[in-house]
Amino acid sequence: MVTAAASAPMLPGMPASPAVSEIEQLALIGQPQPIRVPELLWRSWLDDPTVVARFEAKTYRRPVGRCTVWLGSVSSTGHGSFRAASLPGPSRRGTVPAHLFAYQLEYGVIPRLGWSGTDDAVLCHQCDFAGCVNPQHMRLGTNTVNRTEYHLRRRNLASPLSDVRGPAGRTRAIAAAIRTALSCEVDPDSIEQRIRCAEAAGLPLTLW
């Protein structure tokens, strides 16, 4: 008999994980307490054109190579929150991180993601912008690697991680700039200029 864990795909950068009886994830970030989402439920959302269309409607795709910005609700960590489904039970069931939805839409369901205190896989932003949902800007790593990279890159005052508004404030400011520009029907170059202004507004002040 082949278990779900044994047949799970090994995605690029995924650390080795212990055998588990089924694929499920700790899907929510921050409060309330994370809940586990079975693989079959994830696949039902990722394979549903209506759910995917709702997700895409909340994103702004910038030119190739740049961050895709989440325009919907934002968690306290600055990550997008996407209500894939309204489910009975604890509050926010069916609400998942937008960047996780985007990554799995591109690459498939990640086995055993985000189990705190282990070396299981976590999804890391290489662009350091929590509000980005471009799967090309993400890779799988471990909690230890993610925290180490965070502390190293946060020392760079030009990094998104140094934003004085915090990750949630940065995401909301950039998304608000885009929504305002879209409502005015300005051209893409003008939208990029507004994004750059929103980014610069959060840079720490320096004396040199």
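It should be emphasised that the depicted structure is a prediction, and the values quoted were computed from it without experimental measurement.

Trainee: Give a description of the pattern of salt bridges that names residues and reports values.
Mentor: Tallied over the full model, the rule gives nine salt bridges. Between R62 and E192 there is a salt bridge; the shortest N-O distance is 2.7 Å. You can see R62 sitting in the loop between β3 (59-60) and β4 (69-70) and its partner E192 sitting in helix α7 (residues 188-200), a full 130 residues away along the chain. In terms of burial, R62 and E192 fall into one category: buried.

Trainee: Got a sec to walk through unusual backbone geometry? Specific residues and values, please.
Mentor: Its identity as a non-glycine residue notwithstanding, D128 has a phi of 65 degrees, on the positive side. In the Ramachandran plot, E185 falls in the positive-phi region, its phi being about 55 degrees despite a non-glycine side chain. In this fold, E185 is placed in the loop between α6 (166-183) and α7.

Trainee: I'd love a proper account of the packing of α6 against α7, names of residues and values included.
Mentor: Remark: α6 packs on α7, axes separated minimally by 9 Å, with the N-to-C direction vectors making an angle of 155 degrees. In terms of orientation, α6 and α7 fall into the roughly antiparallel class. At the point where α6 passes α7, the crossing takes the right-handed sense. Residues R170, A173, I174, A177, I178, T180, A181 and L182 of α6 lie in contact with α7, whose contacting residues are I191, R194, I195, A198 and E199.

Trainee: Report on the packing of helix α2 (residues 39-46) against helix α4 (residues 98-107), specifying residues and quantitative values.
Mentor: The contact between α2 and α4 brings their axes to 11 Å, and the two run at 80 degrees. Classified by the angle between their axes, α2 and α4 sit roughly perpendicular to one another. In this structure, α2 uses W42, W45 and L46 to contact α4, whose residues at the interface are L100, F101, Q104 and L105. Classifying every residue of the contact of α2 with α4 by side-chain character gives six nonpolar, one polar and no charged.

Trainee: Can you lay out the packing of aromatic side chains for me, pointing to particular residues and giving the numbers?
Mentor: Inspection of every chain in the model, using the stated rule, returns eight aromatic pairs. Ring centres of W42 and W45 lie 5.5 Å apart, and the angle between their planes is 70 degrees; this geometry places the pair in the edge-to-face category. Of this pair, W42 and W45 both sit in helix α2, three residues apart, which is roughly one turn of the helix. A relative accessible area of 5% means that W45 is categorised as buried.

Parameters at a glance
- Residues numbered from 1 in each chain as written.
- Predicted model: local features only at pLDDT ≥ 70, side-chain atom pairs only at ≥ 80, totals over all residues.
- Heavy atoms only, no water.
- Salt bridge = Lys/Arg side-chain N within 4 Å of Asp/Glu carboxyl O.
- Helix = DSSP H or I, 4+ residues; strand = E, 2+ residues; numbered from the N terminus.
- Buried < 20%, exposed > 50% of the residue type's maximum accessible area, 1.4 Å probe, protein only.
- Axes fitted to C-alpha atoms, helices over the stretch in contact; angles between N-to-C directions.
- Parallel < 35°, antiparallel > 145°, perpendicular 65-115°, else oblique.
- Left-handed = near helix turned anticlockwise from the far one by under 90°.
- Contact = heavy atoms within 4.5 Å.
- Nonpolar A, V, L, I, M, F, W, Y, C, P; charged D, E, K, R; others polar.
- Phe/Tyr/Trp six-rings, centres within 6.5 Å; stacked < 30°, edge-to-face > 60°.

As far as function goes, none of this settles anything; it's purely spatial.
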